[in-house]
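The primary structure of each chain is shown beneath.
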Amino acid sequence: MLDSLPRGTICIEDIEMGMARHVQKQVTEQDIELFARISTDRNPVHLDEDYARDTIFEGRIAHGMLTAGLISAVIGEQLPGHGSVYLGQSLRFLAPVRPGDMVRAEVTVTGIDIAKRRVTLDCACTVDGKPVLVGEATVLAPSRLEA
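Treat the numbers as computed from the prediction; the structure is a model and nothing was measured.

K.L.:
Could you clarify how one ought to interpret the overall build of the protein chain in this entry?
P.N.:
Across its full length, the protein chain holds four helices and six strands. If you line up the protein chain on its principal axes, its C-alpha atoms span 55 × 30 × 25 Å. Taken across its 147 residues, the protein chain has 39% of its residues classed as buried. At a minimum sequence separation of 6, the contacts of the protein chain that also span at least 24 residues come to 65%. Here the protein chain displays about 7900 Å² of accessible surface, and carbon together with sulfur accounts for 52% of that area. When the 15 positive and 21 negative side-chain charges of the protein chain are each reduced to one mean point, those points stand 3 Å apart.

Following this line, the structure appears as structure tokens:
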């Protein structure tokens, strides 16, 4: 996984509007198989090429929540990072992610409520610059003042 910046924590007092972070990861066959095992989602569109070829996708695709999990990685590791807590997430899936695709997941700060330690983040995942997922997250950010 390729990070835009080192992992760690950005406290609410240091978060700024427009601040952004990202990760990139190639989705592998093994990722899809492991996600199916962990989630118990064994939909054949993810695991069976013969089955998937006859669907609207014309081939296997990764689980949408596997892709969404990359957003969680950015939030939990970079912005705000360690100590942040998910409060909500909206998602819209725009295009499939296939085995072998390099996914870029990026979050951008669009709202800050310092008093409540809440941060609103625009979330997007792309493959070759094409949007595959968009959404918005609300997170509770760590604070230097509340240890």
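K.L.:
Help me understand unusual backbone geometry in this model?
P.N.:
Both trends apply: most residues other than glycine have a negative phi, and most peptide bonds are in trans. Between L79 and P80 the backbone carries a cis peptide bond, its omega angle lying at 0 degrees. By secondary structure assignment, the location of P80 is in the loop between α4 (64–77) and β3 (85–93). Notably, R117 is not glycine yet its phi reads approximately 60 degrees, a positive angle. Take R117: it is sitting in the loop between β4 (102–113) and β5 (118–127).

K.L.:
I'm lost on the pairing of β4 in this one. Help?
P.N.:
Where a strand is regular, its side chains alternate between the two sheet faces. As defined by bridge partners, strand β2 (residues 20–26) adjoins β4 across seven bridges and the pair is classed as antiparallel. Residue pairing across strands places H22 opposite E106, the latter belonging to β4. Where β4 and β5 come together, ten bridges link them in antiparallel fashion. Paired with D113 across the bridge in β5 is R118. Where β4 hands over to β5, the hairpin turn is made up of four residues, of which R117 adopts a positive phi near 60 degrees.

K.L.:
Is there a simple way to think about helix α1 (residues 29–39) in this case?
P.N.:
It helps to recall that an α-helix has 3.6 residues per turn; residues three or four apart then point in one direction. Listed as buried for α1 are D31, I32 and A36. Down the axis of α1, the buried side of the element spans an arc of 135 degrees, and every buried residue falls inside it. Those residues of α1 that are exposed and aimed more than 90 degrees away from the buried face are Q30, R37 and I38. Packing partners of the buried residues in α1 comprise β2, α2 (44–47) and α4. T40 sits one or two positions beyond α1 and adopts a positive phi of about 65 degrees.

K.L.:
For this particular structure, what's the right way to read α4?
P.N.:
Spanning 14 residues, α4 covers 20 Å between terminal C-alpha atoms, matching the ideal 20 Å at 1.5 Å per step. Elements that come into contact with the buried residues of α4 comprise β2, α1, β3, β4, β5 and β6 (130–140).

Conventions we followed
- Numbering of residues starts from 1 in each chain and follows the order in which that chain's sequence is written.
- This being a predicted model, a pLDDT of at least 70 is required before a residue's local features are given, and a value of 80 or more before pairs of side-chain atoms are given or counted; all residues contribute to the totals for chains, interfaces and linings.
- Side-chain figures throughout are based on the complete set of non-hydrogen atoms in the structure, without hydrogens or water.
- Under the DSSP-based scheme used, a helix requires at least four consecutive residues in state H or I and a strand at least two consecutive residues in state E, with every element numbered from the N terminus.
- Only protein chains enter the area calculation, which uses a 1.4 Å probe; residues under 20% of their type maximum are buried, those over 50% are exposed, and those in between are partly exposed.
- Here a residue-residue contact requires only that any non-hydrogen atoms of the pair lie within 4.5 Å.
- Note that accessible areas follow from Shrake-Rupley with a 1.4 Å probe, and for residues the cover is restricted to the protein chains shown.
- By the counting rule applied here, Lys and Arg register as positive and Asp and Glu as negative, while His and the ends of each chain are not counted.
- Charged side chains are reduced to one point each, which is NZ for Lys, CZ for Arg, CG for Asp and CD for Glu.
- Between any two strands, at least two bridges found by DSSP are needed for them to pair.
- This arc describes the spread of directions from the helix axis toward the C-beta atoms.
- Expected span of a helix: the number of residues minus one, times 1.5 Å.

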